[in-house]
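Given next are the chains, with one letter for each unit.
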Amino acid sequence: MDYQTHEHDVLVIGAGGAGLRAAIEASAAGVSVGLVCKSLLGKAHTVMAEGGIAAALANVDDRDNWKVHFADTMRGGQYVNNWRMAELHAKEAPDRVRELEAWGAVFDRTKDGRILQRNFGGHRYPRLAHVGDRTGLELIRTLQDHGIHQGIDVHMECTIIRLLKDGDRVVGAFGYERERGRFKLFKASAVILATGGIGRAYKITSNSWEYTGDGHTLAYDAGAELVDMEFVQFHPTGMIWPPSVQGILVTEAVRGEGGVLKNKEGRRFMFDEIPDNYRAQTADNEEEGWRYTQGDKAARRPPELLTRDHVSRCIVREIKAGRGSPHGGVFLDISWIKARVPNGADHIKKKLPSMYHQFKQLADIDITQEPMEVGPTTHYIMGGVRVDADTQMSTVSGLFAAGECAAGINGANRLGGNSLSDIIVFGKRAGEYAAKYAKAQTSTAIDSRQADEAARRALEPFERSTSGEGPYQVQYALQEMMQDLVGIVRNESEMQRALDGLAPLRERANRVGVGGHREYNPGWHAALDLHNLLTVSEAITRSALERRESRGGHFRDDYPTKDARFGTINFVVRKGRDGQMEVFSVTIPEMPETLKQVIKDME
Ligand SMILES: Cc1cc2nc3c(=O)[nH]c(=O)nc-3n(C[C@H](O)[C@H](O)[C@H](O)COP(=O)(O)OP(=O)(O)OC[C@H]3O[C@@H](n4cnc5c(N)ncnc54)[C@H](O)[C@@H]3O)c2cc1C
């Protein structure tokens, strides 16, 4: 078949923060770059990021530095992180943030004109550079404005459905454009995946329609390894009412600015259970917690700012014990700070403008006057493509990954703010090393039969037309199953049921039919997403079954404690020779003494 064909030295799949930063870096290295995204440029998930970018700039608290950030990230990830990535991230994030500023990002300011930083869960000092609660928008705007002048070729509204290989090497990608439904073939010497996460595998999620695990699955199908897939982050505070907005994020910045969590009895239940490894850093009374949020360096953080995995479980505990709010969540109250802050209502609107509008418009609630109702929502996946820490190359030659679709830096749990810094630190690295790799390649041959096969499979749902089941029924059934059986609290028998349930869902997915034509046909796109959603769901479930302990985002009520035997390994999945998914463990390399000492010093 004939396809519209494009040729680039480096092809970047995904135009969020990671993809844009990678494209800028590769282009600056002098290679030709193509950038593909599923939606319009500027609509990537990064744009939704609210609270801020974590970087040890030490503008607000001069005790902060890369060592504290590194130790916080490792403690948050419960020490199964890729320590080299955590080290690079902590060291390089400040430069990447200053670079954004130099490229035109307008951050909120301290009184003396430096980038303002706010408190966030698990970060010892105020560390999140931010723009109100619209930080992602500023990040994307800045990278786009900068990137647009670099001569990057952008292919918008184009969804990649397969990576193309020459022997063991990735040499291109194949996809369809949403507008006309035509297929496109991309030849490239190196390919960078920057496709984001998998939230749409669950029923309640803060993630947009684009988060269907495409990059994870493209990599897996091309023979790459995925790591840490059992670690899914359920953010403690999503909207729960009205039902049409269930899952939409309520940023952690609300708690960073002094918001408190209460049950229906009006009690701040977060004080009831403080994990041992955070006890020394956590306030033991409300007054101290408040002083911390207002910048008192002698105070310790309130328990609402403990890590997300812990806060989510405390909320679930309150709901299960019958102490929840009317619509099945708990209360999050920022309005109370009016008693402490002059012009409190205006202060809240200034610090949290999006939250104010979100609740006013979607739930008819004025957050300056009354509490919000919130509950956990699927937010982020710590797991993803297994990459080399320095170069971001996957286990397949020529294939790189960065951002949420790559894994390692976060271990068992991500700290808020660490994703925006991750995507610019490792986006840059992926771009740099992919460009280097591309320059070293001589010839690229693509056997177009791979593309023909992908095109044929992609068109199958039309052949079944309306005689097949609709793709949305299968998608809803999968989301429902993952939410119920592989969610916040897991156990062997439920996860086994989920695994057994995946095979029939896959059969149903193979029989779905779609009507109409190829132009802007969301039903067709949903049908093609199913393979990705099923693949990541299987990877999550299989890895979660193997990790017979509780750690970070992965909590099992049949193994409710941490087990040291699992503290030295990561679980990896890959496609076996028989086409079935294999899971195996790998030992985490020994950390150098210097980094061990950093962690010890910060205890
Ligand atoms: C509501 C919300 C608030 C958040 N707030 C914060 C915060 O304050 N701080 C923080 O650190 N993190 C935050 N996060 C997390 C953070 O925003 C994301 O993890 C991060 O932006 C991911 O960036 P990325 O570049 O990896 O992916 P994305 O920004 O999601 O970009 C993915 C790109 O890949 C493209 N794509 C996907 N599949 C395909 C395909 N098959 N073919 C072609 N293109 C494809 C998409 O179109 C998109 O362009 C938040 C997340 C949410 C949902």
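For the structure, check the block above.
Here the residue numbers are simple positions, counted from 1 along each chain's written sequence. Given that the model is predicted, a residue must reach a pLDDT of at least 70 before its local features are reported, and side-chain atom pairs must reach 80 or more before they are shown or counted; all residues, however, enter totals for whole chains, interfaces and linings. The side-chain quantities take in all heavy atoms of the structure and omit both hydrogens and water.

**Points about the overall build of the protein chain**
Working definition: helices are DSSP H or I runs of at least four residues, strands are E runs of at least two. Numbering for both runs from the N terminus. The helix and strand inventory of the protein chain stands at 17 helices and 21 strands. Our radius of gyration is a C-alpha quantity, and the globule rule it is checked against amounts to 2.2 Å times the number of residues to the power 0.38. Rg of the C-alpha trace for the protein chain: 23 Å, near the compact-globule value of 25 Å for 603 residues, within the 12% margin. For the exposure calls, accessible area comes from a 1.4 Å probe over protein chains only, and a residue counts as buried if that area is under 20% of its type's maximum, exposed if over 50%, partly exposed in between. When each of the 603 residues of the protein chain is scored for burial, the buried share is 63%. Residue contacts follow a heavy-atom distance rule, with two residues in contact if any of their heavy atoms lie within 4.5 Å. Long-range contacts, defined here as pairs at least 24 residues apart, represent 74% of the contacts in the protein chain between residues at least 6 apart. For every accessible area listed, the method is Shrake-Rupley and the probe measures 1.4 Å; residues are considered covered only by the protein chains on display. Summed over its atoms, the accessible surface of the protein chain is roughly 22300 Å², and 48% of this surface lies on carbon and sulfur atoms. Charged side chains of the protein chain number 77 positive and 82 negative; the gap between the two group centres comes to 1 Å. In this count, Lys and Arg are taken as positive residues and Asp and Glu as negative ones, while His and the chain termini are left out. Lys charges are placed at NZ, Arg charges at CZ, Asp charges at CG and Glu charges at CD.

**Topic: the pairing of strand E7 (residues 158-166)**
Examined bridge by bridge, E7 and strand E8 (residues 169-177) share eight bridges and lie antiparallel to one another. Following the sheet pairing, Leu163 is matched in E8 by Ala173. Each pair of strands is called paired provided DSSP finds at least two bridges between the two strands. Hairpin connection of E7 to E8: two residues between the antiparallel strands, including Gly167 at a positive phi of 65 degrees.

**A closer look at the site of the ligand**
Contacts to the ligand come from 40 residues, most closely from His45, Thr46, Gly51, Glu210 and Tyr211. Polar contacts, as used here, are pairs of N or O atoms within 3.5 Å; protein pairs need one atom able to donate a hydrogen and one able to accept it. Residues neighboring in sequence count only if both atoms are side-chain atoms. The separation between an oxygen atom of the ligand and a polar main-chain atom of Gly17 is 3.2 Å. Between the ligand and Ala18, the relevant distance is 2.9 Å, taken from an oxygen atom to a main-chain nitrogen or oxygen of the residue. Look at the ligand: alone it shows 1000 Å² of surface, and the protein chains cover 99% of it. Looking at the shell around the ligand, the elements that each hand over two or more residues are helix H1 (17-28), E7, strand E14 (372-381) and helix H12 (418-440). It is H12 that provides the largest number of residues to the shell around the ligand, a total of four residues. Only Asp, Glu, Lys and Arg are considered charged in this grouping, and only Ala, Val, Leu, Ile, Met, Phe, Trp, Tyr, Cys and Pro are considered nonpolar; every other residue, Gly among them, is considered polar. Looking at side-chain class alone, the shell around the ligand contains 16 nonpolar, 18 polar and six charged residues. A cutoff of 4 Å decides nearness: a residue is near a molecule or strand if any of its heavy atoms lies inside that distance of it.

**Remarks on helix H11 (residues 353-363)**
Turning to H11, its buried residues are Pro353, Ser354, Met355, Tyr356, Gln358, Phe359 and Ala363. Within two residues after H11, Asp364 carries a phi angle of roughly 55 degrees, on the positive side.

**Considerations on the side chain of Ser325**
Mapping Ser325 onto the fold places it in the loop between helix H9 (308-320) and strand E13 (330-333). What makes Ser325 buried here is its relative accessible area of 7%. Polar side-chain contacts of Ser325 include one of 2.6 Å to the side chain of Glu373. Once residues lying within four places of it in the same chain are set aside, the contact partners of Ser325 are Ile240, Val330, Phe331 and Glu373.

**What about the state of the cysteines?**
In plain terms, two cysteine sulfur atoms within 2.5 Å form what is called a disulfide here. Tallied over the entire structure, the rule returns zero disulfides. Sulfur of Cys158: no disulfide; nearest cysteine sulfur belongs to Cys37 and is 8.6 Å away.

**Observations regarding the packing of aromatic side chains**
For this analysis, a ring pair means two rings from Phe, Tyr or Trp (six-membered ring only for Trp) whose centres lie within 6.5 Å, classed as stacked if their planes differ by under 30 degrees, edge-to-face if by over 60, and tilted for the remaining angles. Applying the stated criterion to the full structure yields twelve aromatic pairs. Ring centres of Tyr3 and Phe174 lie 4.9 Å apart, and the angle between their planes is 75 degrees; on these two criteria the pair is classed as edge-to-face. Of this pair, Tyr3 sits in the segment before strand E1 (4-13) while Phe174 sits in strand E8; the two residues are 171 residues apart in sequence, bridging distant segments of the chain. Each member of the pair, Tyr3 together with Phe174, is buried. With 6.5 Å between their ring centres and 75 degrees between their planes, Phe183 and Trp524 make a pair best called edge-to-face. Linking Phe183 in strand E9 (residues 183-193) with Trp524 in helix H16 (residues 522-546), this pair joins segments that are 341 residues apart in sequence. Residue classification places Phe183 among the buried positions, given a relative accessible area of 8%. By relative accessible area, Trp524 is classed as buried at 0%. Put simply, the rings of Tyr3, Phe174, Tyr176, Phe183, Phe462 and Trp524 touch in pairs and so form one group of aromatic residues. Whether a charge sits over a ring depends on NZ of Lys or CZ of Arg being within 6 Å of the ring centre and within 35 degrees of the ring normal. When the ring centre of Tyr380 is taken as origin, the NZ or CZ atom of Arg414, which lies over that ring, is 4.1 Å away.

**A look at the packing of helix H5 (residues 214-221) against H16**
Packing of H5 against H16 brings their axes to within 9 Å, and their N-to-C directions diverge by 80 degrees. On the basis of their axis angle, the class for H5 and H16 is roughly perpendicular. Residues Asp214, His216, Thr217, Tyr220 and Asp221 of H5 touch H16, and the partners they reach there are Asp529, His531, Asn532, Thr535 and Val536. Partitioning the contact of H5 with H16 into residue classes produces two nonpolar, five polar and three charged. Here an angle of 0 to 180 degrees is reported between the N-to-C directions of two axes, which are lines fitted to C-alpha atoms, with helices fitted over the stretch in contact. Angles are sorted into four bins: roughly parallel if under 35 degrees, roughly antiparallel if over 145, roughly perpendicular if 65 to 115, and oblique for all others.

**Describing the sheet that holds E14**
Within the open sheet, the four strands sit side by side as E11-E14-E13-E12. Their pairing is antiparallel. Only two strands of the sheet have a single neighbouring strand rather than two, namely strand E11 (232-239) and strand E12 (260-262). Neighbour-to-neighbour, the strand axes of this sheet turn through a mean angle of 45 degrees, independent of strand direction.

**As for the packing of helix H2 (residues 66-76) against helix H17 (residues 593-601)**
Direction vectors running N to C along H2 and H17 enclose 85 degrees, while the axes themselves pass 9 Å from each other. On the basis of their axis angle, the class for H2 and H17 is roughly perpendicular. Taking contact as the criterion, the partners of Trp66, Lys67, Phe70, Ala71 and Met74 in H2 are, on H17, Leu595, Val598 and Ile599. Its residues placed into classes, the contact of H2 with H17 shows seven nonpolar, no polar and one charged.

**Digging into the side chain of Glu230**
Within the secondary structure, Glu230 sits in the loop between strand E10 (226-227) and E11. Contacts of Glu230, omitting those with residues within four sequence positions, involve Arg490, Ile540, Ser543, Ala544, Arg547, His554 and Phe571.

**Observations concerning the pattern of salt bridges**
When a carboxyl oxygen of Asp or Glu is within 4 Å of a side-chain nitrogen of Lys or Arg, the pair counts as a salt bridge. Scanning the entire structure with this criterion turns up 59 salt bridges. In this structure, Arg75 and Asp72 form a salt bridge, with 3.5 Å as the shortest nitrogen-oxygen distance. With Arg75 and Asp72 both in helix H2 and three residues apart, this pair spans about one turn of that helix. In terms of burial, Arg75 and Asp72 fall into one category: buried. The partner of Glu286 in a salt bridge is Arg268, and the shortest N-O contact between them spans 3.8 Å.

**Examining the sheet that holds strand E4 (residues 117-118)**
Sheet architecture is open: three strands sit in the order E3-E5-E4, paired in antiparallel fashion. Each edge of the open sheet carries a strand with a single partner, namely strand E3 (53-54) and E4. Both E4 and strand E5 (residues 128-129) contribute to a ladder of two bridges, which runs antiparallel. Bridge pairing in E5 places Gln117 opposite Ala129.

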